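Listed below are the residues making up each chain.
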Amino acid sequence: MRILITTLTLCLFHMISFGQILQVTPTFPTVEDEVTIVYNAQEGNAELAGLSPIYAHMGLITSESTSGTDWQFVQGNWGTDDPQVLMTDLGDDLHSITVDMDEFYGFPDGTEVLQMAFVFRNEDGTLVGREADGSDIFYDVYPVGTSLVATILSPTDNIIIDLGETLQITGESSGEANLTLKIDGSIVANQIGSMIEYEQSISVGGTHEVVFEAVNGPVSSSDTVFYTVPGDVVTQNPPAGMLDGVNYLSSSSMLLQFHAPEKDYVYVIGDFNDWIADEDYFMLQADDGETWWLQIDGLTPGQRVAYQYWVDGEIKVADPCSPLILDPNNDNWIPSMNYPDPHPYPFQQTSGFCTVAHPGADEYLWQDAGYQRPERKDLRIYELLVRDFVETQSYLTLIDTLDYLENLGINAIELMPPGEFENNNSWGYNPSFHMALDKMYGTPEHFKQFVDECHQRGIAVIVDMVLNHAFGQSPLVNLYWDGGAPAANSPWFNVECPHEPYCWGYDFDHTSVATQRYVDRVNRHWIEEYHVDGYRFDFTGGFTNGTSGGYSTQRIGLVQRMADFVWSVDPDSYIILEHWCDNSEEEILSDYGCMLWGNVTYNYQEAAMGYLPGSNFEWGIHSQRGWSDPHLVTYAESHDEERVSFKTLSFGNSEGDYDTQEMLVAMARNELNAVFLLSQPGPKMIWQFGELGYDISIDFDCRVCPKPILWNYFEQNHRRKVYDVYSAMNHLREEYPNTFNSTDIAYNLNGAFKRINLYNSDMDAVVIGNFGVEPISGSPNFPFMGTWYDYFSGESIVENNPDNEFLLQPGEYRIYTSQPLEQPDITVSVPELQAVDLGVELFPTLMTDQVTLTMDIGDELAEVDVWVYDMQAKVVKRPINGKSLNGEQVLTFDLDGSASGMYQVLVSIDDRVQVLELIKQ
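Residues numbered from 1 in each chain as written. Predicted model: local features only at pLDDT ≥ 70, side-chain atom pairs only at ≥ 80, totals over all residues. Heavy atoms only, no water.

## A look at the overall build of the chain
1) Next: Scanning the chain from terminus to terminus reveals 14 helices and 55 strands.
2) Next: Referenced to the eigenvectors of the C-alpha coordinate spread, the extents of the chain come out at roughly 115 × 70 × 45 Å.
3) Next: Looking at the chain residue by residue over its 921 residues, the buried ones come to 59%.
4) Next: Partitioning the intrachain contacts of the chain with sequence separation of at least 6 by distance along the chain shows that 70% fall at a separation of at least 24.
5) Next: Working note: accessible area of the chain is about 35,000 Å², and carbon and sulfur atoms make up 46% of it.
6) Next: Here the chain contributes 41 positive and 139 negative side-chain charges, whose respective centroids are spaced 10 Å apart. (Helix = DSSP H or I, 4+ residues; strand = E, 2+ residues; numbered from the N terminus. Buried < 20%, exposed > 50% of the residue type's maximum accessible area, 1.4 Å probe, protein only. Contact = heavy atoms within 4.5 Å. Areas by Shrake-Rupley, 256 points an atom, 1.4 Å probe, with all protein chains shown as cover. Lys, Arg positive; Asp, Glu negative; His and termini not counted. Charge placed at Lys NZ, Arg CZ, Asp CG, Glu CD.)

## Things to note about the nonpolar core
1) Next: F447 and F450 are the most contacted members of the largest nonpolar core, which has 156 residues in total.
2) Next: In this structure, F447 is in contact with Y395, L415, L437, V463, W526, Y530 and V532, ignoring residues within four places of it in sequence.
3) Next: Counting 29 residues, the second largest nonpolar core, distinct from the first, contains L48, F118, I137 and V141. (Core = buried A, V, L, I, M, F, W, Y, C linked by side-chain atoms within 4.5 Å.)

## Thoughts on the environment of P230
1) Next: Turning to its location among the elements, P230 is positioned in the loop between β16 (219–229) and β17 (245–250).
2) Next: Sequence separation between P230 and G313 is 83 residues, and the spatial gap between their C-alpha atoms is 9.1 Å.
3) Next: Those residues in contact with P230 that lie beyond four places of it in its chain are I160, I161, D162, Y265, Y267 and F282.

## Considering the environment of F433
1) Next: Within the secondary structure, F433 is located in strand β29 (residues 431–437).
2) Next: Since its relative accessible area comes to 1%, F433 is described here as buried.
3) Next: With 114 residues separating them along the chain, F433 and D319 place their C-alpha atoms 8.7 Å apart.
4) Next: Leave out the neighbours within four places in its chain, and F433 touches A318, D319, P320, S322, I325, F353, G419, E420, Q473, P475 and Y518.

## Here's the deal with a nonpolar patch on the surface
1) Next: Taken together, the side chains of L846, M902 and I919 define a hydrophobic patch exposed on the protein surface, amounting to about 240 Å² of accessible area.
2) Next: Residue position: I919 is located in strand β55 (residues 912–920). (Patch = residues over 30% accessible without salt bridge, like charges linked within 9 Å, V, L, I, M, F, W, Y side chains within 5 Å. Salt bridge = Lys/Arg side-chain N within 4 Å of Asp/Glu carboxyl O.)

## Points about the pairing of strand β14 (residues 186–201)
1) Next: In the sheet, strand β13 (residues 166–183) pairs with β14 via 14 bridges, with the strands oriented antiparallel. Residue T166 lies in a different strand from β14, and its bridge partner there is S201. (Pairing = 2+ DSSP bridges.)

## Some remarks on the pairing of β17
1) Next: Two elements, β17 and strand β18 (residues 253–259), share five bridges in a ladder whose sense is antiparallel. Looking at β18, one finds that G245 is bridged to Q257.
2) Next: Two successive antiparallel strands, β17 and β18, enclose a turn made up of two residues.

## Describing the pattern of salt bridges
1) Next: In the structure shown here, the tally under the stated rule is 29 salt bridges.
2) Next: Taken together, the shared-partner salt bridges connect D403, E406, E453 and R457 into one network.

## As for the side chain of T601
1) Next: By the secondary structure assignment, T601 is in helix α10 (residues 601–609).
2) Next: A relative accessible area of 5% places T601 in the buried class.
3) Next: In contact with T601, not counting residues within four places along its chain, are Y635, A636, E637, S638 and E641.

## Side note on the packing of aromatic side chains
1) Next: With the rule as written, the count across this model stands at 53 aromatic pairs.
2) Next: The interplanar angle of 85° and the centroid separation of 4.9 Å between the aromatic rings of F104 and Y105 together place this pair among those described as edge-to-face.
3) Next: The buried category is assigned to F104, whose relative accessible area is 12%.
4) Next: Geometrically, the ring pair formed by Y404 and F714 is edge-to-face, given 5.3 Å between the ring centres and 70° between the ring planes. Residue Y404 is located in helix α4 (residues 402–408), and its partner F714 is located in the loop between β39 (684–687) and α13 (717–735); the two are separated by 310 residues in the primary sequence.
5) Next: Judged by relative accessible area, which is 9%, Y404 ranks as buried. (Phe/Tyr/Trp six-rings, centres within 6.5 Å; stacked < 30°, edge-to-face > 60°.)

## Overview of the confidence of the model for the chain
1) Next: Across the chain, the average pLDDT comes to 93, with 97% of residues at or above 70.
2) Next: In this model, residues 1–19 is a region of pLDDT below 50 whose contacts with residues beyond four sequence positions or in other chains number 79 contacts. (pLDDT = per-residue confidence, 0-100.)

## Examining the sheet that holds strand β51 (residues 862–870)
1) Next: The sheet built from five strands is open, its strands ordered β49-β55-β54-β51-β52 with mixed pairing. Since the sheet does not close on itself, it has two edges, and those belong to β49 (846–847) and β52 (875–885), each with one partner.
2) Next: Pairing of strand β54 (residues 901–909) with β55, which is carried by nine bridges, proceeds in the antiparallel orientation. Bridging from a neighbouring strand, Y903 pairs with L918 of β55.

## Concerning the packing of helix α7 (residues 513–530) against helix α8 (residues 553–569)
1) Next: In contact at an axis separation of 10 Å, α7 and α8 are set at 35° when each is read in the N-to-C sense. The two elements α7 and α8 meet at a crossing, and its hand is right-handed. Within the contact between the two elements, α7 uses Q516, V519, D520, N523, R524, I527 and E528 and α8 uses L558, R561, M562, F565, V566 and V569.
2) Next: Class assignment for the residues of the contact of α7 with α8 results in seven nonpolar, two polar and four charged. (Axes fitted to C-alpha atoms, helices over the stretch in contact; angles between N-to-C directions. Left-handed = near helix turned anticlockwise from the far one by under 90°. Nonpolar A, V, L, I, M, F, W, Y, C, P; charged D, E, K, R; others polar.)

## Overview of the packing of helix α12 (residues 663–677) against α13
1) Next: Across the interface, α12 lies against α13 with an axial gap of 9 Å and an inter-helix angle of 5°. Compared by their axis directions, α12 and α13 come out roughly parallel. Here M663, L664, M667, N670, E671, A674 and V675 of α12 lie close against α13, whose contacting residues are H718, R719, K721, V722, V725, Y726 and M729.
2) Next: Class assignment for the residues of the contact of α12 with α13 results in nine nonpolar, two polar and three charged. (Parallel < 35°, antiparallel > 145°, perpendicular 65-115°, else oblique.)

## Looking at unusual backbone geometry
A negative phi holds for most residues other than glycine; trans holds for most peptide bonds.
1) Next: Cis rather than trans, the peptide bond between T25 and P26 has omega equal to 0°.
2) Next: In this structure, P26 sits in the loop between β2 (22–25) and β3 (34–40).
3) Next: Phi is positive for D341, close to 50°, though the residue is something other than glycine.
4) Next: Notably, N781 is not glycine yet its phi reads approximately 60°, a positive angle.
5) Next: When you line up the elements, N781 lands in the loop between β43 (776–778) and β44 (786–790).

## Some thoughts on the state of the cysteines
In protein structure, a disulfide is the covalent linkage between the sulfur atoms of two cysteines.
1) Next: Throughout the structure, instances matching the rule amount to two disulfides.
2) Next: Here C497 engages in a disulfide with C503; their sulfurs sit 1.9 Å apart. Handedness here is read from the sign of the S-S torsion; for C497 and C503, about -80°, the answer is left-handed.
3) Next: Residue class for C503 comes out buried when judged on its relative accessible area of 19%.
4) Next: Each sulfur in the disulfide pair C702 and C705 lies 2.0 Å from the other. Of note, the bridge from C702 to C705 carries an S-S torsion of about 100° and is right-handed in sense.
5) Next: Among the cysteines of the chain that take part in disulfides, numbered as they appear in the sequence, the pairing is 1-2, 3-4.
6) Next: The cysteine C354 is free of any disulfide, with C321 supplying the nearest cysteine sulfur at 16 Å. (Disulfide = S-S within 2.5 Å.)

See the structure below:
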């Protein structure tokens, strides 16, 4: 990087200030100047080449900026035809704008401005002009009254140049001075003036220092750049056993290995060599002609270092196999609580993403040696997004929620992608560095603590891994780029995605050996470094160069190859596929040992809403699909679908006084769903807060936007009851795994009256429920006559008639078992209103047929509700549903179809409530 020294002790950021991408007049602008900026759209990332009009998006870096990319006083309304920042088309892809600095930016007097910051865009902002590495563009601003500044205009920064070429060196000073140009300490040009030019014939290899100095009496200023002339590449194989990325040899030594076919040479630049292309950091090439490597010694044990690869003198990239990266544009916004003491970004020395290595780091002391991983068929998975699950968005806070999840009966947590994604706010399906932990949620040590604590509780950790594609910040994308798409010689990517419309980012070619090498490196890393228990692989239907879906022997082979490697690293690792292909293909992969997502969300949504034609759950049972093994991960909700409770409350069905859009009813329908979902054999998954009836739409703000984190739902009885039912079912599965994974099963999961019969020597179970909106009778089909035990009520029945039918109220469910079980503790679900004496009377309180309720509401109209609950807090009757009434009211109702026992009658008048008791003989 340039070194700017003046006797005035100027303290300036000095990044890429002068270059082909920008021409600025005057060369040394101050806040008092009118400044003309000319942007060359053919330079940098060239995304705007050939386009017009172009708009400038402009800001400032000031002494108040928290980092070298923290823009202040930003001008330009993004995505609009904003005349304030419309540039003049000069032709030949040159575009200009002239601004009066202090008036245009509107900063207050006394503001210390260090740089102007730019990106450029088309009108709607879908195409953006930046530096070649995707970073923002910066240009220095100088203090008013600076007496002398010297800068090298060409070359703009440290460069790499080949033997036989000519290097044009141009220096300029802010005023007339005695100008001197030195190369490696020898004066090559000297004159009086404000600009000096010199041509250097490149005839000597190695790294060379260029110093430009301006002297005017006692005042001087100088600027320094380096140019490096690469020598011959040495062919030599790395030591055996080295992996792509960082290999730690000792606490002070590491070996870097980089896969980059068809490249001529590579330098490593970093903290250890002042980010200069030094011949001592010229990488060796293996015999395969594709693998580059370099051993770096003399590092300080325990001290982190950042580095990049400088490839062919054209592009600087972070290591594709980075364990951690520095992002100059987004790291500054990560809360210090989540990521304390970050490695400083080398703003004055390079740009773009950097890799962080940590030789000699303290080894994490794992406490999970005795951990036993749950069997596949017994998995009770909880899918969550850290961003939308805990307010701090941190792994440390996530650890604090494990009691909640353990009490829920969860034995596996599936994290939405924790690898480095673009920006800080994301679902994570826009990956850029698949091996790097995204710092937004915490440090590698925090993540290890989370996994370790889960394991100590018997909870597995499954990572959502996105290997179908990568996004534009990935060095794999940028190393082989052809002005809008991956180049045809890219070792990893298809030029065009072959499975439209299911395309995101840039599509990996999984038939490529290079892609397979990268996939294996990524999968090995998370298992060995973080002890994760397996993966949910996103959209494996795209692991083909044909169309997604259908049947593909190519895709089957590619998935099996990947699975074989994962199992070679960890034989018991979970592999879960989001596949969405023909059942015959999924059956083959299930037989191979993979699990597959079983999306039955539409059916559970329809069931909860009370619409029966679409409420058949049978496709969520592996044997219904003809599979031999229970490898179908069935779920009623996932991150990808509309929330069941939102749909029920918004669009649910009704009949008479029974309305699924009423809150208590909607929550009861959630319980009904949970009972049937968790009674079926095989692994199951719950989406975060589904166990509390989360009812915020997936499209709140936008599909992938942050959602309200509503832990207060746990304090609301009607939602807490849903949690308790989920918990009861999960613990029932845990205590009787053979019953609820029985291969001897009968079921009728279509229509209103649904039934599951599970037969096992440990215990038989019969599950029945009414998914309609009217009472209905149906037969449980008990496998034997005799005593059966109601799990939720704790009551027993003696059944002597195999054809006996049970009358179930809408939303009612029961689980009968062949042996008595401890009754689960279920929260009573009643409206949380303050109980008072409203003068309501009920007669008789011991009823055989009908009961009469009388109340005097008063002259003013009031909102009146009446509920009747059984002792399991199920609503069995809704005599009045939110009617406006006044005066004296007499209400007569019956409890036909309800069992004998005690009931509560809750009367609500304008949010005041009275509770009465009733016994049915």
